[in-house]
Amino acid sequence: MASSLLLRFARHWIAGETAESGIERVKHENSLGILGILNLLGEEIKSNDEVAKTVNEYKKLLNMISDAKVKSQISVKPTQVGLNSDFDYCVSNYLEIAESCMSHDNNWLWVDMENAPYTEQTIQLYLKVLEKYPNAGIAIQAYMKRSEEDLERLLPKGAKVRLVKGAYNEPTDVVFRHKDEIKKNFARLTDMLFAQQNFFAIATHDDYCINHAKDLKKRTPGASFEFEMLLGVRDNLKAQMVSEGYQVREYVPYGPEWLPYSMRRMREKKSNILLLGRSLFSG
Ligand code: FDA
């Protein structure tokens, strides 16, 4: 009972449990001028058989994107393709997916960023993928104190960065805790992205961070970037920004492993938790 209620609630942020549901969502978004990034839900996968299955799922997904002629990239979490078991194995899995992207019109491969114990290895694996495959990007989290140095290291190497605030519970020695500090760091890192030539993405629903990027765009008309947002969050704003002439992309997660992702989304807004609590207690 509680789990079916949770799923009903989680559906707010996921396309559904199948790849077909993800493709349908992207098709709908494309009809509104919004591009997609599909993500098969799943993280901390322990068995190599499961990892191999996940790699194949992404290859099938790339076929489906081509067959359906939808405009969508893909995004993959390191611990769904082996980072928690072996670094080289994980790199070889990303490279296999990158090969498949290459054979599908050089589609883009994004590397999601997970929690702090994986940050350095995720950057290292991304650089290995980038050496062979330029259409690859990495998420960098503005709540991490190290991110400014990470950008200084990554950008000269041609890295394409998706700037996000960060979604995990982390110890205070590695992250900024206060909302204002995170916003300020987000703005500082946005300045760094606008000051260089590589493509980048500003991935947030926060008006302050969005407006900061819009202001910089006025002063740097040549900057090559897009706004990215999550499925189920501020849908009206996505459409409005398309009408203002910005490139907007929606992150579309799908799959049966929806719980950890949905819990992170629920935590992000107090009213989500209150709403869930109310529905659980009222049956
Ligand atoms: P903030 O949380 O302050 O939200 C700003 C406003 O947006 C809120 O006031 C509310 O109106 C609305 N909002 C935000 N979240 C909501 C929710 N769940 N429900 C309802 N309203 C909500 N993180 C990470 O650690 N690694 C990653 O790889 C990625 N990848 C990623 C890709 C893309 C395309 C996006 C947009 C985000 C991520 N994230 C991520 C998640 C990111 O780190 C962050 O947790 C969320 O984007 C929420 O932060 P905001 O910047 O939107 O600000």
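Quick summary incoming for the structure in this document.

Rules behind the numbers
For every chain, the first residue of its written sequence is number 1, and the numbers climb from 1 along that sequence. The predicted nature of this model means local features are confined to residues of pLDDT at least 70 and side-chain atom pairs, given and counted, to a pLDDT of 80 or more, with totals for whole chains, interfaces and linings taken over all residues. Values shown for side chains rest on all heavy atoms present in the structure; no hydrogens or waters enter the calculation. We call a residue near a molecule or strand when any one of its heavy atoms sits within 4 Å of it. Think of a polar contact as two N or O atoms within 3.5 Å of one another; within protein, one of them needs to be a possible hydrogen donor and the other a possible acceptor, and neighboring residues in sequence only count if both atoms come from side chains. Only the protein chains shown count as cover for residues, and all accessible areas are computed by the Shrake-Rupley method using a 1.4 Å probe. In this analysis, the protein atoms alone were mapped onto a 1 Å grid. Cavities are point sets where a 1.4 Å probe fits without being able to get out; pockets are open sets with protein on both sides within 12 Å along at least five of seven lines; lining residues have an atom within 4 Å of a point. Cavities and pockets are treated as containing a molecule whenever more than half of the molecule's atoms lie within 2 Å of their grid points. Under the scheme used here, helices are H or I runs from DSSP no shorter than 4 residues and strands are E runs no shorter than 2 residues, and both carry numbers assigned from the N terminus. The residue classification treats Ala, Val, Leu, Ile, Met, Phe, Trp, Tyr, Cys and Pro as nonpolar and Asp, Glu, Lys and Arg as charged. All others, Gly included, are polar. Helix axes use the C-alpha atoms of the stretch in contact, all axes being lines fitted to C-alpha atoms, and the angles between their N-to-C directions lie in the range 0 to 180 degrees. For classification purposes, an angle smaller than 35 degrees is called roughly parallel, one larger than 145 roughly antiparallel, one from 65 to 115 roughly perpendicular, and anything else oblique. Crossing handedness: left-handed means the near helix sits turned counterclockwise from the far one by under a right angle, and right-handed means the same turn made clockwise. Any pair of residues with heavy atoms lying within 4.5 Å of one another is described as a contacting pair.

Considering the site of the ligand
So, step 1. Near the ligand lie 25 residues; those nearest to it are M113, G166, T204, H205 and E268.
So, step 2. T204 places a side-chain nitrogen or oxygen 2.6 Å from an oxygen atom of the ligand.
So, step 3. Coverage of the ligand by the protein chains reaches 86% of its 930 Å² of free accessible surface.
So, step 4. Judged by the proximity of its atoms to the pocket grid, the ligand belongs to the largest pocket.
So, step 5. Listing elements by their share of the shell around the ligand, those giving two or more residues are strand 4 (136-141), strand 5 (160-164) and strand 7 (225-230).
So, step 6. In terms of residues, the shell around the ligand owes the most to one element, strand 7, which gives three residues.
So, step 7. Across the shell around the ligand, the residue classes break down as 11 nonpolar, five polar and nine charged.

What to know about the packing of helix 5 (residues 119-132) against helix 6 (residues 147-154)
So, step 1. Look at helix 5 against helix 6: their axes get within 12 Å of each other, and the N-to-C directions meet at 15°. Considered as vectors, helix 5 and helix 6 are oriented roughly parallel to each other. In this structure, the crossing between helix 5 and helix 6 has a hand that is right-handed. Side by side, helix 5 and helix 6 meet where T119, E120, I123, Q124, Y126 and L127 of the first sit next to D150, R153 and L154 of the second.
So, step 2. Taken together, the residues that form the contact of helix 5 with helix 6 break down as four nonpolar, two polar and three charged.

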